[in-house]
2 protein chains.
Amino acid sequence: MKIQTGYLLTLLLVIWMPVNAQNKQKPLVIEQQGSFAVGGTKATESGSFDLDSALKPQGQTFHGDHAYAFYQIPVKARKYPLVFLHGAGQSKKTWETTPDGREGFQNIFLRRKFPVYLLDQPRRGEAGKSSVAATINPTADEQFWFTQFRIGNYPEYFPDVQFPKDAASLEQFYRQMTPNTGAFDGNVISDAISQLFNKIGEGILITHSQGGGPGWSTAIKNDKVKAVVAYEPYSSFLFPEGELPPPIKSAGLFGELKGTEIPLSDFNKLTKIPIVIYYGDNIAKDPTKIWNKDHWRSGLEMAKIWAATINKHGGDVTVIHLPEIGMKGNTHFPFSDLNNIQVADQLSKWLKEKGLDK
Amino acid sequence: MKIQTGYLLTLLLVIWMPVNAQNKQKPLVIEQQGSFAVGGTKATESGSFDLDSALKPQGQTFHGDHAYAFYQIPVKARKYPLVFLHGAGQSKKTWETTPDGREGFQNIFLRRKFPVYLLDQPRRGEAGKSSVAATINPTADEQFWFTQFRIGNYPEYFPDVQFPKDAASLEQFYRQMTPNTGAFDGNVISDAISQLFNKIGEGILITHSQGGGPGWSTAIKNDKVKAVVAYEPYSSFLFPEGELPPPIKSAGLFGELKGTEIPLSDFNKLTKIPIVIYYGDNIAKDPTKIWNKDHWRSGLEMAKIWAATINKHGGDVTVIHLPEIGMKGNTHFPFSDLNNIQVADQLSKWLKEKGLDK
């Protein structure tokens, strides 16, 4: 009887402790925090500015196409800052509080003593000034995104999904999307982020989804990018001229997936730094008609071909499919999923292995 | 000779100390920080969602018109959080790092132990999902804003202006603007901010410029708004039916300034809380053809009429024209001007007087 009570107490403690640890975090001690615009373009209208007709554009300027960065540097910080770039339809919110109110990678990696820079890419969020015009229409598409981002096949959640199943969390998830204020342009984005690295010095670039493309380009443009971590990149895998693999057919709603050819001299720059790519769960192993699972199958397959190509050229790319290392149920947003501490642990482990957490 | 050297040393210390204090701040100790969407609307397309035609809108939802909030709560925080709402063409960046890289009100009031909530209003910045469509065109208008916001009469800076005169700072100032992603709607904005107060409880609302209108409306909608602080509000002064003053003519580029009539029962709610309104410098005392100085003359005059009306009804509104209390050269953005510590000191003093800093 006494042994059983002791067992029960131990069991209760084991259940209770992580919850308590989550709720009762230590304060964040921030040496410095702030924000700025970086990079961008400037256009000047012809003519000269007339103070008495100041609503006429003649001679006036328009600054746009910059990124917006919010940064925090903890006390006794590690050497390399982590620079976070969101994906399509998202902003820096991606890395902040999760849809169900837990800490995202922003706080998690501040607690792990990394300086953290969160970006709104050019023409998005608080970096909204775009040198090209845009029309924004409210488009009812959230059930598509629920499915595309592998929370489930709407209205069904995947049984093991690492996404909270309450309505309030899903609403927060839908509301964290925010539109382009000008056409997506990977070159404009990587120009601005390259300027960021010129300003802050060497660091590690962490991208999500569509951010993957500008991520590779930034690393090619600027050798201050000491490593790239990409969560679920899809398009924009870059191959040397003459080594482009055949397109991968897919039942995904965006059709077949193609690589992009670039000069070998540019490609080689990606062989100089360690790169890790993560994919979540509910991605098909073999071709299937279930379009979301098949879309990401093509992405994962292309990532593996790309990694093999880079590594053949002397590079260091690792592709980690999370279910293969025992992590089940991750969506397209592993860093905000229910198990995001474990997802962060994987990243910490990789950074340590590569000597990037000094 | 010895006395003179001592005097010189004292003088050097006096000059050197504030600079050093600015550069070598203590770390911020943050008990909690995070972000969320709040308020907003939800629309559902008729029909039913078809997983196999997931790019068709039928049966899909669109969430929009919410505000985005980033909050930080320092350790041993004071009771009332400060909720900051930006003005036209701005985002929460308004309250962050100043154009020349000093700390803005976000950090200044965290250091003074207030919980700080920074908002992107509905249809702006990271709260970009709008239920109404918008077209955004790059418009060369920055020399207009330089002048309208009383940095000077472009290209001249006002001689005493509290704005840095280097090119990099001005570029940062231009780049912190960000466009509407849907039409400005004071009712949508105040609905979202009222929901914020329902979520976080009693607090103090601090508005800038165009944010003034939604600020008053939020205070009418929600009695958890315990005070309103408005920096340079212009339009949307609310008067009880039958007490509307005549419009104030102005050489400003937006023409004459009118008040807005509201039911007395709504107006009376604004008499229940303390309100303070601040205006900067280089505002004309009497009508003038210099349009920026005259624009803000009409705003300041209307604010004084409004304060008198509220106070006649038993309210507590103070209008502070900063030059009248010895603070010279402030622009339309006093909280990020070169003397923003002194501007913050004024606010701290007022909050203390009203018992709002417990």
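Given the structure is predicted, the values throughout are model-derived calculations rather than measurements. (Residues numbered from 1 in each chain as written. Chains lettered and ligands numbered in written order. Predicted model: local features only at pLDDT ≥ 70, side-chain atom pairs only at ≥ 80, totals over all residues. Heavy atoms only, no water.)

Engineer: I'd like a rundown of the overall build of chain A, residues and numbers included.
Structural biologist: Within chain A one finds nine helices and 15 strands. Relative to its length of 358 residues, chain A is compact, with a C-alpha radius of gyration of 22 Å against a globular reference of 21 Å. Overall size of chain A, expressed as C-alpha extent along the three principal axes, is 90 × 50 × 45 Å. Within chain A, the proportion of its 358 residues that are buried is 57%. (Helix = DSSP H or I, 4+ residues; strand = E, 2+ residues; numbered from the N terminus. Rg over C-alpha atoms; globule rule 2.2 N^0.38 Å. Buried < 20%, exposed > 50% of the residue type's maximum accessible area, 1.4 Å probe, protein only.)

Engineer: Quick rundown of the pattern of salt bridges? Include the residues and the values.
Structural biologist: For the structure shown, the criterion picks out 35 salt bridges over all chains. Of the charged contacts, one joins Lys-92 of chain A and Glu-126 of chain B as a salt bridge, the two residues approaching to 3.3 Å between their closest N and O atoms. Residue Lys-92 of chain A is located in the loop between β5 (82–85) and α2 (105–111), and its partner Glu-126 of chain B is located in the loop between β6 (116–120) and β7 (134–136); the two belong to separate chains. The exposure class assigned to Glu-126 of chain B is buried, which follows from its relative accessible area of 2%. Here Lys-221 of chain B makes a salt bridge to Asp-191 of chain B, at a shortest N to O gap of 2.7 Å. Here the residue Lys-221 of chain B occupies a position in helix α6 (residues 212–221), and Asp-191 of chain B occupies one in helix α5 (residues 186–200), the gap between them amounting to 30 residues. Under the relative-accessibility criterion, Asp-191 of chain B is labelled partly exposed at 39%. (Salt bridge = Lys/Arg side-chain N within 4 Å of Asp/Glu carboxyl O.)

Engineer: Which residues make up the packing of aromatic side chains, and what are the values?
Structural biologist: For any pair of aromatic rings, the description rests on two quantities: the centre-to-centre distance and the angle between the ring planes. In the structure shown here, the tally under the stated rule is 57 aromatic pairs over all chains. On the basis of an interplanar angle of 85° and a centroid distance of 5.6 Å, the ring pair of Phe-49 of chain A and Tyr-154 of chain B is categorised as edge-to-face. Here Phe-49 of chain A is found in the loop between β2 (41–44) and β3 (61–64), whereas its partner Tyr-154 of chain B is found in the loop between β8 (152–153) and β9 (156–157) on a different chain. Given a relative accessible area of 18%, Phe-49 of chain A falls into the buried group. One Lys or Arg, Arg-112 of chain A, reaches over the ring of Phe-109 of chain A and ends 5.5 Å from the middle of that ring. Over the aromatic face of Phe-62 of chain B sits the side chain of Lys-129 of chain B, whose NZ or CZ is 5.0 Å from the ring centroid. (Phe/Tyr/Trp six-rings, centres within 6.5 Å; stacked < 30°, edge-to-face > 60°. Lys NZ or Arg CZ within 6 Å of the ring centre and 35° of its normal.)

Engineer: Please set out the interface of chain B and chain A residue by residue, giving values where relevant.
Structural biologist: Accessible area lost during the coming together of the parts is what is often quoted as the interface size. With 73 residues of chain B in contact, the opposing surface of chain A contributes 73 residues. Interface area, chain B with chain A, both sides summed: about 6000 Å², of which 51% is carbon and sulfur. Among the ionic pairs, Glu-142 of chain B bridges to Lys-129 of chain A, the shortest N-O distance being 2.5 Å. At the level of secondary structure, the elements contributing two or more residues to the side of chain B that touches chain A comprise β1 (28–38), β3 (61–64), β4 (67–74), α2 (105–111), β7, α3 (142–148) and α4 (167–175) of chain B. (Contact = heavy atoms within 4.5 Å. Buried area = accessible area lost by both parts, 1.4 Å probe.)

Engineer: Summarise the relation of the copies chain B and chain A; cite the residues concerned and give the values.
Structural biologist: Mapping chain B onto chain A calls for a screw motion: a turn of 180° about the axis and a shift of 0.0 Å along it, with 0.0 Å RMSD after fitting. In short, the pair behaves as if placed about a two-fold rotation axis. (Least-squares fit on C-alpha atoms with pLDDT ≥ 70 in both.)

Engineer: I'd like a description of the side chain of Arg-123 of chain B, backed by residues and values.
Structural biologist: On the secondary structure map, Arg-123 of chain B appears in the loop between β6 and β7. Here the side chain of Arg-123 of chain B touches Ser-130 of chain B through a polar contact of 3.5 Å, side chain to side chain. (Polar contact = N/O pair within 3.5 Å; in protein donor to acceptor, adjacent residues only side chain to side chain.)

Engineer: Provide a residue-level description of the environment of Phe-62 of chain B, including the pertinent values.
Structural biologist: Tracing the chain through its elements places Phe-62 of chain B in strand β3. Taking C-alpha positions, Phe-62 of chain B is 5.2 Å from Ala-43 of chain B, a pair spaced 19 residues apart along the chain. Leave out the neighbours within four places in its chain, and Phe-62 of chain B touches Pro-138, Thr-139, Ala-140 and Glu-142 of chain A together with Thr-41, Lys-42, Ala-43, Lys-129, Ser-130 and Ser-131 of chain B.

Engineer: Tell me about unusual backbone geometry, residues and numbers included.
Structural biologist: Going from Tyr-154 of chain A to Pro-155 of chain A, the amide bond is cis rather than trans, its omega being 5°. Phi is positive for Arg-150 of chain A, which is not a glycine, with a value near 60°. Tracing the sequence through the fold places Arg-150 of chain A in the loop between α3 (142–148) and β8 (152–153). Even without glycine at this site, Arg-123 of chain B takes up a positive phi of about 75°. On the accessibility criterion, Arg-123 of chain B (5% relative accessible area) is buried.

Such coordinate-based values are descriptive only and should not be taken to indicate function.
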